[in-house]
Amino acid sequence: MTHPITTRMLVKEWQRHGGVAMHQRELRPLGPQDVLVRVRRAAICGTDLHVYGWNDWAARNYRLPIPMGHEMGGEVLAIGAQVSGIEPGMRISAETHIACGHCRQCRANRRHTCLNLKLFSKQGLGCFSDYTVVPASALRRVPDDMPFRDASIMEPLGVGVRAAMEADLRGRNALVTGCGPIGLFTIAAARALGAARVVAADLHDYRRELARALGADTVINPEVEPLAEATLQATGGEGIDVAIDCAGNGRAIQDSLSSLVPGGALILAGLPSGPVALDLAKDVIVREARVQGIFGRLIDETWLATESLLRSGRLKVEPVLTHSFPLDRFEEAFELAESGASGKVMFDMG
Ligand SMILES: [Zn+2]
Ligand SMILES: [Zn+2]
């Protein structure tokens, strides 16, 4: 296929809730490091919802107008003159975090915390479109037998896989608080990685049902049952060895920490909107708890683990992928994703 080609594209244009328009745009010419991708599936991320809803965080971090979307599965149509390792016809997914490769964090093999990290979502690329032009450094080849649907969730699924790999879950009792897509992926990963019991907590009925469908042994509504008591009961009096918070809610974090057995670990994957007070003497020091924050995936270790777990069939994600829309029904898709009555919502470009 030769340039120029035109594509439908969702663009966030106005600084208010919604404010997204679908345009027909000509793609920029293919540079030497660029890849032309036909997008087949693209998933709505929590970040997209912040931008769609235009909250304070989005207003601080984004300049408009900007094409939307960064989670995609697609196929390569053409490559720039200097691209190697990616060929037309290959299936790809987006690596949404682009590390510089030479700063101290990168050299310490911590590319996910690269000091010059670039985010796909801020580069003006977008993938809520039929076609997109993306630097090869922001793409990863996926196996030919991986469905585009699975390719589109490699990034958020990887966050769940990493959360579940950050402490050893084998034969131990896990608690996951917050059953949005990342929490649900974490539950699936905890199951695949051999947790003895998986307990899940969320306020939404719909999400607790999804948690159960993914293999959570017990689901808790923390508004109805206090977390510490409910987890003790759910584990036959043993308690929680590893708690993983994907809610970013202060109360959930405090209650998860006090639900831990001595020597347990609390993994923090959800971002609280402000400071959270913890009783360090009682809950961390005396009980020798480990508190570990995680921010994104290990590049590329988590990706490879996620790919292997998915292809093995051990990582069960199907129940999370609840809704799929054609691109022109984007308003419906965003509203549903915002409502909480959904798992992962995606666009199907055919
Ligand atoms: Zn994302
Ligand atoms: Zn770097």
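Residues numbered from 1 in each chain as written. Chains lettered and ligands numbered in written order. Predicted model: local features only at pLDDT ≥ 70, side-chain atom pairs only at ≥ 80, totals over all residues. Heavy atoms only, no water.

### Looking at the packing of helix α1 (residues 46-53) against helix α12 (residues 330-339)
Heads up, the condition is: Angles shown run from 0 to 180 degrees and are taken between the N-to-C directions of axes, each axis being a line fitted to C-alpha atoms and, for helices, limited to the stretch in contact. Helix and strand assignments come from DSSP, with helices taken as H or I runs of at least 4 residues and strands as E runs of at least 2, each series counted from the N terminus. Reported orientations rely on four angle classes, namely roughly parallel under 35 degrees, roughly antiparallel over 145, roughly perpendicular from 65 to 115, and oblique for the rest. Contact definition: two residues touch when any of their heavy atoms are within 4.5 Å. Gly is put with the polar residues, along with every residue not named as nonpolar or charged; the nonpolar set is Ala, Val, Leu, Ile, Met, Phe, Trp, Tyr, Cys and Pro, and the charged set is Asp, Glu, Lys and Arg.
At a closest axis distance of 10 Å, the pairing of α1 and α12 adopts a crossing angle of 110°. One finds that α1 runs roughly perpendicular with respect to α12. Across the interface between the two elements, Asp48, Leu49, Tyr52 and Gly53 of α1 pack against Glu331, Phe334, Glu335, Ala337 and Glu338 of α12. When grouped by side-chain class, the residues that make up the contact of α1 with α12 number 4 nonpolar, 1 polar and 4 charged.

### Observations regarding the domain arrangement of the protein
The test is simple: Domain start and stop positions are those given by an automatic or database domain assignment. The quantity reported as buried area is the accessible area (1.4 Å probe) lost by two parts once they are put together, taken as the sum for both.
For the protein, the assigned domains are domain 1 (6-153 + 321-348) and domain 2 (159-293). A straight line from the C-alpha centre of domain 1 to that of domain 2 covers 29 Å. Domain 1 puts 11 residues into the contact, and the matching count from domain 2 is 7 residues. A combined buried area of about 670 Å² lies between domain 1 and domain 2, and 63% of that area is made up of carbon and sulfur atoms.

### What to know about the packing of aromatic side chains
Where we set the bar: Note on ring pairs: Phe, Tyr and Trp rings are taken, using the six-membered ring of Trp, and paired if centres are within 6.5 Å. Classes follow the plane angle, with under 30 degrees stacked, over 60 edge-to-face and the rest tilted. Only protein chains enter the accessibility calculation, which uses a 1.4 Å probe; a residue is then buried when its area is under 20% of its type maximum, exposed when over 50%, and partly exposed in between. Two limits define a charge over a ring: the Lys NZ or Arg CZ must be within 6 Å of the ring centre, and within 35 degrees of the ring normal.
This model, assessed by the stated rule, comprises 5 aromatic pairs. Centre to centre, the rings of Phe128 and Phe347 are 4.9 Å apart; their planes meet at 70°, and the pair counts as edge-to-face. Separated by 219 residues along the polypeptide, Phe128 in the loop between β8 (118-119) and β9 (131-135) and Phe347 in strand β18 (residues 345-348) bring together distant segments of the chain. The residues Phe128 and Phe347 share a single accessibility class, namely buried. In this structure an aromatic cluster arises from ring pairing among Tyr52, Phe128, Phe334 and Phe347. Cation over ring: Arg91 sits above Phe148, and NZ or CZ is 4.0 Å from the ring centre. Over the ring of Tyr62 we find Lys122, and its NZ or CZ is 5.9 Å from the ring centre.

### Here's the deal with the nonpolar core
Condition: Within this scheme, the nonpolar core is defined by two criteria: the residues are buried Ala, Val, Leu, Ile, Met, Phe, Trp, Tyr or Cys, and they are joined through side-chain atoms within 4.5 Å.
Ranked by size, the top nonpolar core spans 44 residues in total, and within it Ile153, Leu157, Leu184, Ile187, Ala211, Leu315 and Val317 carry the most contacts. If you list the elements that add at least two residues to this core, you get α5 (154-165), β11 (173-177), α6 (181-192), β12 (197-201), α7 (205-213), β14 (240-245), β15 (260-268) and α11 (301-312). There are two domains that each give this core at least three residues, and those are domain 1 (6-153 + 321-348) and domain 2 (159-293). Setting aside residues no more than four positions away along its own chain, Ile153 makes contact with Ala43, Gly158, Phe185, Val317, Leu321, Lys344 and Met346.

### Section: the coordination of the zinc ion (ligand 1)
Stated formally: Coordination partners: N, O, S within 2.8 Å of the metal, 3.2 Å for Na, K and Ca; water not considered, so apparent gaps in a site are possible. The geometry test gives tetrahedral to four donors whose angles all lie between 85 and 135 degrees, gives square planar to four donors and octahedral to six donors whose opposite members are over 155 degrees apart with all other angles between 65 and 115, and gives irregular to the rest.
Looking at the zinc ion (ligand 1), the protein donor atoms are Cys45 (SG), His70 (NE2), Glu71 (OE) and Glu155 (OE), and they sit 2.1 to 2.5 Å from it. Taken together, the 4 donor atoms coordinating the zinc ion (ligand 1) and their angles of 79 to 157° define a geometry best described as irregular. On the primary sequence, the residues serving as donors to the zinc ion (ligand 1) are separated as C-x24-H-E-x83-E. With His70 in the loop between β4 (66-67) and β5 (71-79) and Glu155 in helix α5, the pair connects residues that are 85 residues apart, well separated along the chain. By relative accessible area, His70 is classed as buried at 4%.

### A short note on the pattern of salt bridges
This is how the line gets drawn: When a carboxyl oxygen of Asp or Glu is within 4 Å of a side-chain nitrogen of Lys or Arg, the pair counts as a salt bridge.
The final tally for this structure, using the stated rule, is 22 salt bridges. Arg149 is paired through a salt bridge with Glu318; the nearest N and O atoms lie 3.0 Å apart. Pair noted here: Arg149 is in helix α4 (residues 148-151) and Glu318 is in the loop between α11 and β17 (323-325), with a separation of 169 residues, a long-range link. For Arg149, a relative accessible area of 24% translates into the label partly exposed. Between Arg162 and Glu166 there is a salt bridge whose closest N-O contact spans 3.1 Å. For Arg162, a relative accessible area of 6% gives the class buried. The class of Glu166 is partly exposed, set by a relative accessible area of 21%. What emerges from the salt-bridge pattern is a single network uniting Arg38, Arg40 and Glu75.

### Some words on helix α8 (residues 227-234)
Selection criterion: By construction, the arc corresponds to the directions joining the helix axis to the C-beta atoms.
Buried within α8 are the following residues: Leu227, Ala230, Thr231 and Ala234. The arc that holds the buried residues of α8, viewed along the axis, is 95°, so those residues lie on one side. Within α8, the exposed residues directed more than 90 degrees away from the buried face are Glu229 and Gln233. Close packing links the buried residues of α8 with β11, β12, β13 (218-220), β14 and α9 (250-258). At the C-terminal side of α8, Gly236 shows a positive phi close to 60°.

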